[in-house]
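# Observations on the model geometry
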Amino acid sequence: MTIFKKEMKQGLMSLGIWTVATAFMVVICVVLFPEMKGQMEDVTDLFANMGGFTAAFGMDRVSFGDMMGFYAVECGNILGIGGGFYAAFLGISILASEEKDRTAEFLLSHPVSRIRVLSEKLMAVIVQILIFNLVVVISSALSIRGIGESVDWEIFALLHLAFFVLQLELGCICFGISAFLKRGGLGIGLGLAMVFYFVNIIYNISDDLSFMKYLTPYAYAEASSIVADAKLNLPLMGIGIAVGIIGAAVGYIQYSRKDIAA
C-alpha cells in the first residue's frame, strides 16, 4: 500500500482546500436560510415566471421557502460544481503526473506491477472523494440541525448519494483519460466537468433536447428533481456507474501497454 499512502499524503493539501472550501460555502448557505426564509416565497414566485432560466437550475420544481428546496438549488449547485470539479481534478492528474514530474520511470523500475500501481492510485482517488463527501455531509447535517430546521433525512441522504456517484463517475472517466496523457491535463479534466455541467443546463431548458440527459452525469444528480420526486433516477445512475467502470477499465488497458516517457 506504499503507493496508496504516497498518493494520499501528496493529495492531502488539495483535499483539505477543496473540502473546507466546499463545506464552508454549503454551511454559509444553510446558516443564511433562517434570515431569508420570510422572503423566499416571493422569490419562488419571481423565479417561477422566468422561463428557461428557472428550468435551467430546477427552480421550477421546488420551493425556496422550504429548507430542502432551498438546499437543493443553492447548495446543490455548490456540491455539483465543487465536488464534480474536484473529482475531475483528482482523476485527470493521478496518472499523468508521474510522467509530467518524471517519476514514472523510477516508480515502474521497482518490483511492482502496473496493475498494482493503477489499483492503488485509483483507490486513492476513491478514498479522497469519500473523505470529501463525508466531511461535507456531516458539516451540512450539523448546520441544518444548528439552525433548528427539519428536513427529510432520507431525501437528504439520496441527494448526497447521487453527488457521490457523480463524483466517482467523473473521477473514473478522468482516470481513464489520464492514462493517455504524458504531460498532465488539468485543463482537460476541469473542462470536461464544465461541459457536463452545462450540457445538463441545456437539457433542462429544452424538452427537445431530452436525449442529452444520457450525455451528462449531472442529469441523475439534479438536486431539485431528487427533492421533488423523493427518489433517484436509477436508470440514469446505472448508466453513469457503467460509464465510470468503463472509464477506469480503459485506463487500466491503456496504461498497462503504454510506453512510459522518461
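Here, every reference points to the structure presented above.
As a convention, each chain's residues are numbered from 1 in the sequence order in which they are written. The model is predicted, so local features are restricted to residues of pLDDT at least 70 and side-chain atom pairs to those at 80 or more, both for listing and for counting; the totals for chains, interfaces and linings are taken over all residues. The basis for the side-chain values is all heavy atoms of the structure; hydrogens and waters are excluded.

## Focus on the overall build of the chain
Put simply, DSSP H or I for four residues or longer makes a helix, DSSP E for two residues or longer makes a strand, and each gets a number counted from the N terminus. Helix and strand counts for the chain come out as eleven helices and zero strands. For the chain, the N- to C-terminal ordering of α and β elements is α-α-α-α-α-α-α-α-α-α-α. Contacts were defined at the residue level, with two residues in contact if any of their heavy atoms lie within 4.5 Å. Once local pairs closer than 6 in sequence are excluded, the contacts in the chain between residues at least 24 apart make up 78%. Using a 1.4 Å probe, the Shrake-Rupley method yields the accessible areas, and only the shown protein chains count as cover for residues. For the chain, the exposed area adds up to about 12,400 Å²; of that, 67% sits on carbon and sulfur atoms.

## A short note on the packing of aromatic side chains
Two aromatic rings from Phe, Tyr or Trp, using only the six-membered ring of Trp, form a pair when their centres are within 6.5 Å; if the ring planes differ by under 30 degrees the pair is stacked, by over 60 it is edge-to-face, and anything between is tilted. Across all of its chains, the model carries ten aromatic pairs by this definition. Between Tyr71 and Phe156 the ring centres are 5.6 Å apart and the planes differ by 45 degrees, which places this aromatic pair in the tilted class. Of this pair, Tyr71 sits in helix H4 (residues 67-93) while Phe156 sits in helix H8 (residues 153-178), and the two are 85 residues apart along the sequence. When sorted by exposure, Tyr71 lands in the same class as Phe156, which is buried. A simple rule labels every residue: compare its accessible area, found with a 1.4 Å probe on the protein chains alone, to the largest value its type can have, and call it buried under 20%, exposed over 50%, or partly exposed in between.

## Comments concerning the side chain of Ser14
Inspection of the secondary structure puts Ser14 in helix H2 (residues 12-48). For Ser14, a relative accessible area of 18% gives the class buried. When near neighbours in sequence (up to four residues on either side) are disregarded, Ser14 contacts Tyr86 and Phe89.

## Concerning helix H11 (residues 234-256)
Here, expected helix span is obtained from the residue count minus one, scaled by 1.5 Å. The end-to-end C-alpha distance of H11, which contains 23 residues, comes to 33 Å, matching closely the 33 Å that a straight helix rising 1.5 Å per residue would cover. What H11 keeps buried is the set Leu236, Met237, Gly240, Gly244, Gly247, Ala248, Gly251, Gln254 and Tyr255. Between N or O atoms, a polar contact is any pair within 3.5 Å; within protein, one atom must be a potential hydrogen donor and the other a potential acceptor, and residues adjacent in sequence are included only when both atoms are from side chains. Where H11 starts, the residue carrying a side-chain oxygen 3.2 Å from the main-chain nitrogen of Leu236 turns out to be Asn233.

## Considerations on the environment of Phe24
Relative to the assigned elements, Phe24 resides in helix H2. Overall, Phe24 belongs to the exposed group, its relative accessible area being 52%. Considered as a pair, Phe24 and Ser140 are 116 residues apart in the sequence and their alpha carbons are 9.1 Å apart.

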